[in-house]
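Remarks on the overall topology
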Amino acid sequence: MEKIYEIQRIKQIVQEVEERYKIRCPEDAAKVAAHFIGDDDREVFLVMCLKAPGWALF
């Protein structure tokens, strides 16, 4: 009997972000993260690096 494999999900996106995001509070960070991963239906790992004055680097 032949095995049947089901592909659940394949998604790889490379984005150049030209916008700058100012992070002043946790809610600002949540809004930025929702912009990038808001439509995913699975668990996603997102790394957001911040410069000293609170600007997000991607």
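Reading the values: the criteria
Residues numbered from 1 in each chain as written. Predicted model: local features only at pLDDT ≥ 70, side-chain atom pairs only at ≥ 80, totals over all residues. Heavy atoms only, no water. Helix = DSSP H or I, 4+ residues; strand = E, 2+ residues; numbered from the N terminus. Buried < 20%, exposed > 50% of the residue type's maximum accessible area, 1.4 Å probe, protein only. Contact = heavy atoms within 4.5 Å. Expected span 1.5 Å × (residues − 1). Arc of directions from axis to C-beta. pLDDT = per-residue confidence, 0-100. Lys, Arg positive; Asp, Glu negative; His and termini not counted. Salt bridge = Lys/Arg side-chain N within 4 Å of Asp/Glu carboxyl O.

A closer look at the overall build of the protein chain
A count of helical and extended segments in the protein chain gives one helix and two strands. If you list the helices and strands of the protein chain from N to C, you get α-β-β. Buried positions account for 16% of the 58 residues belonging to the protein chain. The long-range fraction of contacts in the protein chain, counting pairs at least 24 apart against all pairs at least 6 apart in sequence, stands at 49%.

Remarks on helix 1 (residues 26-37)
With twelve residues, helix 1 extends 16 Å between its outermost C-alpha atoms, agreeing within 8% with the 16 Å of an ideal straight helix rising 1.5 Å per residue. Taken as a whole, helix 1 has its buried residues at Asp28, Val32, Ala33 and Phe36. Along the axis of helix 1, the buried residues cluster in a sector spanning 135 degrees; they form a single face. Exposed residues pointing more than 90 degrees away from the buried face of helix 1 are listed as Pro26, Glu27 and Lys31.

Some details on the confidence of the model for the protein chain
Taken over all residues, the pLDDT of the protein chain has a mean of 78, while the share at 70 or more is 81%. Element-level pLDDT for the protein chain is lowest in strand 2 (residues 56-57), with a mean of 70, against a maximum mean of 87 in helix 1.

Quick look at the side chain of Asp28
Relative to the elements of secondary structure, Asp28 occurs in helix 1. In this structure Asp28 is buried but unpaired, with Arg24 as the nearest side chain of opposite charge at 4.6 Å. If we ignore the near neighbours within four places in the chain, the residues touching Asp28 are Lys22 and Ile23.

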